[in-house]
Amino acid sequence: MKRLLLIAMLCMVPLPSLTLKIGISNHESNPTSTLPPTTTDLPTTTIAASSDTASSISPFPEVASTSGNIFPPRPRATEAPATSTTSAPKAEVQPQNATETPGHPLILGENPQYYCSCDLQSSKCDLNCCCDRDCPPETRRVFDCHSNSDVPLLQSRLEDFQYTHGLPTCQINDGWLCVFRSNTKPAKTPSLIADFDASHYRRWPDLLEAYETDSAAQAPSPESHYKFRQALQLLQSEGKQLTTFDLPTAYEGPHCQLKQPIRHLQPMSSNCLMRNSFQLQQSLWSILNLTVTHEVLPKPHDRDEREGAGLPIEVCPKGDDGKFHCLERENDTQLDILAEKVEIQVTHNFTNIIGVKVLIEGAPLAGDDNEPRWLHYKVNFIAQNESYAKPTSSPLGYLPGSPVIISRILPQNNSEEQKQLSYFNAPQNFEDFHWLPLLTRKSREMSCQSTLDQKEVLRLGVDIIKQCQLHQVAPLLQENANHTDYCESLQSGIWSQLLPHNCSSLEEVGQVFASQLGRPQPEKWLPLQLHYPEKPNETPPSVLGVYDDVQQSLTCRNMFLSVRYEFHVADLALLDGAAPHQRVLESARLVLGHRHDLEFDASEQQVALPLSVSAMFYQLERRALSQASVVSTTNHILLFAILAALQFEFH
C-alpha cells in the first residue's frame, strides 16, 4: 500500500507543469565562440527580435557549487568573476501560432516602418489625424491633436505582462519547486520624469475663461480659419446677421424634433420619418429658403471687418439622366419634387470653406400622400484637389468588422512578365472591386440582385450565411439542341453570384488574392485556394446536359449552388515591431458545396435556383487553447482513476 501511495504522490507532482512556461537559456559554455548569423525566411509576417536577448543579467546572486552539494543547492554569496559578454546577431523570429504560406512573385515595393493608428485611408488625409503623413502642414492649425474623442488603447492585457518564472526563489522558499538560478532579463524600471507635461492629460476646465473682460489686451484675436468641429457660420445677405447651418436630427425616436449645426470637417447623417408628404416638403423648403437668404462664410466672422464676403449655396437636384444639375439662385426656391435624400457637400482646403452644394435626390411618386415617408440627410466634406484613395480597412492589421480586401492579377501579354496585382498597378480604365461581395436580394423578395455595395461585403470576424433565388428562363427543350451549352451558361451565371467580382469560372479563382493586412502591402498577400471536398486532389467534374426524350426533360449534372469561404486569423501581440495587437490573415480558401443534378420540365417557363454563400473565420489562438484543455482534462481523468483504485484497495 505504501508503494501505491508513493506512486499517486509522484503522479500528482508533475501536473502543475502544464501551466508553466520554462525558458531556454541562451548561455554558452565557451564565451569566446561566435554564433553564425541565423535568419528565418518568412514570406508572411516577420517580427524583428531584440538584439540584447542573448546577454541577460540574472536577478539572483551567484552561488558557488561543488560536487558534494545536494539539490537544491544552498545559496552562498561569492564574488562573481568578470565575464566578457558577446552580442548575439539579430534574428527574425516567427510569432507564435503563425503558419508559413508559400511566397508568390507578385510585386515588391518600399515598406517603410510607418504606423499611425488613425490613418485609415491610403494617399488621403484623414480628418483630425495628426500623425497622418498624407495631411498638409496647415492642417496642424485646424486639427484638435489633444482631443479625447478617440477610444483609449488598453493599457494592460494578459499577454503584455512580463512573466519571469511563476515560482518562488530558493532564497525565499527552500523546497522542491523553487528557482535556484534564473537568467531571465529583469523588468526595466521606468526612469523618473524630470519635466512632467500635463497638457496631454485630461484636466478641469478653467471656469473663469467664460467671463468676458473689458481689457483689450485680453480680447481674443480673430480667427483666420475654422477649427475642427467648429460650427459653420451663415451670414444673412440683407440684415448681416450671423447664424449656423442647422439640420433636423432625431433623438430617441424616428421623428426629427431637434436641430444640430453642421461642424467643420465632421461628417454627419440624419434619418427623419415624416408624417406625410406635406411635412416632407416643408422640411425641404426650409433648407432651400435658407440657401437663398444666407451665405456661408469661408472663415469665422471677424467683427473688425465691415463687409464679410460669403459664398453662395448651390442647389442641385438630380435629373432624369442620373446627373445633378445646379440651379440659378433666385429669391424663392421651391422645387416641385418629392425628395428622399438631401446631401450637403462642403468643399474645403482644411482651413477655409471653398464651396457648398445641396444635392437633392427625388423619391418615386408612388403611394398615398398621407403615408409616412423617410427623408435622409447627409453631410460630406471633400478636400480640394483630393487624390484617389485606395480602399483600406485599418491603419495596419484588420480591425474587427472591417471589410476583407481582395485583388486580382492583371492580364499578362506573355508568361515571362512579372505578376502584378490590380490593387497597386491597375490602369485608369480598369474597373475593379477590392471587396468580397456577398449575395444580395431585392427588398421583400428572395430573388438575387447583382450590386457592388460596400455595405454588403464580407467583414473580418463576422460569420455569415446568405441565401437568395436566381430566376432564369427555362431552356427550350429540343432533341437535337446542344443542352450542355445551356447548362454551362447557367453555371457561369451562378458562379458570377457566388465567386468574387468578375469571376465566372473556377479557373479565374486562381487569380484572386486576399490581403493579409487591412492596409495592404505589396509582399503580404495570400492566394484564395480552391478546395473540392469530395476529391481534394482532383478537379471538379465538368457540367453535362442530358436530354430525356421520354420524360421530355433536361438534366444538368454536376452543378454547384453553394460555396463557403474559410479564413484563419492570427492575433499578433506585436507586428513590424511597432503596432501592438494586430489581426492578420494567415490563410484563405474557397470550399465548394455539394454537386447537384438539376432537372427541368418542359411545362416550366421560369425556374428559381436556391443559392447559398457562407463565411467562417477561425482564430488560431482558440484552437491552441482547446487542445491544451484536452491535455489537461486527460491528466485529471488519470489522476481520478488512480485515486479511485487506491480507495478500492483500502476497502
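Note that this is a predicted model, so its numbers are computed, not measured.

Asker: Help me out: how do you make sense of unusual backbone geometry in this one?
Answerer: Of all residues except glycine, most have a negative phi; of all peptide bonds, most are trans. Its identity as a non-glycine residue notwithstanding, Asn128 has a phi of 60°, on the positive side. You can call Asn128 buried: its relative accessible area is 13%.

Asker: Help me understand the confidence of the model for the protein chain in this model?
Answerer: One rule of thumb: low pLDDT means the predicted coordinates there are not for detailed reading. Of all residues in the protein chain, 68% have pLDDT values of 70 or greater, and the mean over the chain is 74. Of the regions scoring below 50 in pLDDT, residues 4-8 engages in 6 contacts with residues more than four places distant in sequence or in other chains. Across residues 214-220 the pLDDT falls below 50, and counting only partners more than four positions away or on other chains, this stretch makes 1 contact in the model.

Asker: Sorry if this is basic, but what is going on with the state of the cysteines here?
Answerer: Two cysteines, two sulfur atoms, one covalent bond between them: this is a disulfide. According to the stated counting rule, one finds 7 disulfides in the structure shown. Each disulfide pairs two cysteine sulfurs, and for Cys118 the partner residue is Cys129, the sulfurs being separated by 2.0 Å. Here Cys118 and Cys129 share a disulfide; its torsion about the S-S bond, 80°, makes the bridge right-handed. Separated by 11 residues along the polypeptide, Cys118 in the loop between β2 (92-93) and β3 (233-236) and Cys129 in the loop between β2 and β3 bring together distant segments of the chain. According to the relative accessible area criterion, Cys118 is partly exposed, its value standing at 24%. Residue class for Cys129 comes out buried when judged on its relative accessible area of 0%. Here Cys487 is linked by a disulfide to Cys556, with a sulfur-sulfur distance of 1.9 Å. Between Cys487 and Cys556, the S-S torsion sits near -70°, and that sign places the bridge as left-handed. A residue pair is termed long-range when its members are at least 10 positions apart, and Cys487 in helix α4 (residues 483-498) and Cys556 in strand β21 (residues 553-560) qualify at 69 residues. Exposure class is identical for Cys487 and Cys556. Each is buried.

Asker: Just checking my understanding: could you explain helix α2 (residues 277-293) for this structure?
Answerer: Helical periodicity: at 3.6 residues per turn, an α-helix aligns residues three or four positions apart in one direction. Taking 1.5 Å of rise per residue, the 17 residues of α2 would be expected to cover 24 Å, and the 25 Å separating its terminal C-alpha atoms lies within 8% of that figure. At the N-terminal boundary of α2, the capping side chain belongs to Asn276, with an oxygen 3.3 Å from the backbone nitrogen of Phe278.

Asker: Is there a simple way to explain the sheet that holds β21 in this structure?
Answerer: Think of a sheet as strands paired side by side through backbone hydrogen bonds, with each pair either parallel or antiparallel. Reading across from one edge, β20-β21-β24 is the order of the 3 strands in this open sheet, with antiparallel pairing throughout. The open sheet terminates on both sides in strands that have one partner only, identified here as β20 (544-548) and β24 (595-601). Adjacent strand axes in the sheet meet at a mean angle of 20° when their direction is disregarded. Sheet topology places β21 next to β24; 6 bridges connect them, and they run antiparallel. Residue pairing for β24: Leu554 is matched across the bridge by Phe600. Against the sheet, α4 engages β20, β21 and β24, with an angle of about 40° to β21.

Thresholds, definitions, all that
Residues numbered from 1 in each chain as written. Predicted model: local features only at pLDDT ≥ 70, side-chain atom pairs only at ≥ 80, totals over all residues. Heavy atoms only, no water. Buried < 20%, exposed > 50% of the residue type's maximum accessible area, 1.4 Å probe, protein only. pLDDT = per-residue confidence, 0-100. Contact = heavy atoms within 4.5 Å. Disulfide = S-S within 2.5 Å. Helix = DSSP H or I, 4+ residues; strand = E, 2+ residues; numbered from the N terminus. Expected span 1.5 Å × (residues − 1). Polar contact = N/O pair within 3.5 Å; in protein donor to acceptor, adjacent residues only side chain to side chain. Pairing = 2+ DSSP bridges. Axes fitted to C-alpha atoms, helices over the stretch in contact; angles between N-to-C directions.

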